[in-house]
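Chain residues, written in single-letter form:
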Amino acid sequence: MSVLALGEGLYEVESASDHTYLVDLEGGRCTCPDHVFRGVRCKHVRRVAIEINEGRTPPPGERAVGCHDCGETVFVDENAAGPVYCDRHALRSGDTVVDRETGDRLTVVDVSDLRADAVRIQATGDSVADYATNENYASDVPVVGAVYPHATVAPNGVVPESLRVYVFPRTRLEKRPAGRGRPATA
Ligand SMILES: [Zn+2]
Ligand SMILES: [Zn+2]
């Protein structure tokens, strides 16, 4: 039997005999004769529960999406917007990333839920999405703040200007494997 998540807690189950039934998991209902005429908890409902337990099908309220960077299947909230990333490619503060436009390495300092077309760059007043070198990236993706790792260090400490945070559309940054270039945390 194959199971397809349709969203809103509904699943399509194709039986071995080529019949297709609709399962409402939380209601424990199915369109097959076993359930409709005999009122039993049928094998289709059980199959959907097993597929969810084994991580092959998203649970009610979630949907399956491919990771933006590698295509691996990830389950996310049904209403989640924007690009989705697997554990390996998800960004966290302190991660090292590469700017796809310039090849520069940066360190992530902030991962936001705000969209690139909703965040303004202070110097110009334009949105991050409108910024010239961001034109190849979707405007509805979240923004990420990052600093260049080559901070200028003066005799009396780090020069604040060299730690300026730059804001990028999330899809412009590519995560580097952990372990290299990761700054020591205090
Ligand atoms: Zn059934
Ligand atoms: Zn990935």
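Anything mentioned here points back to the structure above.
Every value quoted in this text rests on a predicted model; they were computed, and no experiment measured them.

Asker: Give me the coordination of the zinc ion (ligand 1): which residues, what numbers.
Answerer: Taken together, Cys30 (SG), Cys32 (SG), Cys42 (SG) and His44 (ND1) make up the protein donors of the zinc ion (ligand 1), found 2.0 to 2.3 Å from the metal. For the zinc ion (ligand 1), the four donor atoms in the first shell make angles of 102 to 115 degrees at the metal, a pattern classed as tetrahedral. Mapping the donors of the zinc ion (ligand 1) onto the primary sequence yields the spacing C-x1-C-x9-C-x1-H. Both residues of the pair, Cys30 and Cys32, belong to the buried class.

Asker: Please set out the coordination of the zinc ion (ligand 2) residue by residue, giving values where relevant.
Answerer: Those donors, Cys67 (SG), Cys70 (SG), Cys86 (SG) and His89 (ND1), are the protein atoms that reach the zinc ion (ligand 2), and they lie 2.0 to 2.3 Å from it. Considering all four donor atoms around the zinc ion (ligand 2), angles at the metal cover 99 to 114 degrees and the coordination shape is tetrahedral. Going along the chain, you hit the donors of the zinc ion (ligand 2) in the pattern C-x2-C-x15-C-x2-H. Note that Cys70 is positioned in the loop between β5 (62-66) and β6 (73-77) and Cys86 in the loop between β6 and β7 (96-99), a separation of 16 residues in sequence.

Asker: Outline the pattern of salt bridges, listing residues and values.
Answerer: Scanning the model with the defined rule gives eleven salt bridges in all. Put simply, Asp99 and Arg172 hold a salt bridge, and the shortest N to O gap is 2.7 Å. With Asp99 in strand β7 and Arg172 in the loop between β12 (166-169) and β13 (173-175), this pair connects stretches of sequence that are 73 residues apart. Arg172 shares its class with Asp99; the two are buried. Linked by salt bridges that have partners in common, Arg47, Glu51, Glu54 and Arg56 make up one network.

Asker: How would you sum up the sheet that holds strand β9 (residues 142-147)? Please name residues and give values.
Answerer: Taken together, five strands build an open sheet; the order of strands is β12-β9-β8-β7-β13 and the sheet is antiparallel. The strands lining the two open edges of the sheet, one partner per strand, are β12 and β13. Taken over all neighbouring pairs, the strand axes of this sheet differ in orientation by 45 degrees on average, direction set aside. For strand β8 (residues 105-115) and β9, the ladder comprises five bridges, and the chain directions are antiparallel. Within the sheet, the bridge partner assigned to Thr107 lies in β9 and is Val147.

Asker: Account for the nonpolar core, with residues named and values stated.
Answerer: Grouped together as the largest cluster of nonpolar side chains are twelve residues: Val3, Tyr11, Val13, Tyr21, Val23, Leu25, Cys30, Cys32, Cys42, Val45, Val48 and Ile52. Those elements giving two or more residues to this core turn out to be β2 (10-14), β3 (20-24) and α2 (43-53). With three residues, the top contributor of residues to this core is α2. Discounting residues that sit within four places of it in the chain, Leu25 has contacts with Gly9, Tyr11, Val45, Val48, Ala49, Ile52 and Pro60. Within the second largest apolar cluster, nine residues are counted, among which are Leu106, Val108, Ala146 and Tyr148.

What counts and what doesn't
Residues numbered from 1 in each chain as written. Chains lettered and ligands numbered in written order. Predicted model: local features only at pLDDT ≥ 70, side-chain atom pairs only at ≥ 80, totals over all residues. Heavy atoms only, no water. Donors = N, O, S within 2.8 Å, 3.2 Å for Na, K, Ca; no water. Tetrahedral: all angles 85-135°; square planar, octahedral: opposite > 155°, others 65-115°. Buried < 20%, exposed > 50% of the residue type's maximum accessible area, 1.4 Å probe, protein only. Helix = DSSP H or I, 4+ residues; strand = E, 2+ residues; numbered from the N terminus. Salt bridge = Lys/Arg side-chain N within 4 Å of Asp/Glu carboxyl O. Pairing = 2+ DSSP bridges. Axes fitted to C-alpha atoms, helices over the stretch in contact; angles between N-to-C directions. Core = buried A, V, L, I, M, F, W, Y, C linked by side-chain atoms within 4.5 Å. Contact = heavy atoms within 4.5 Å.

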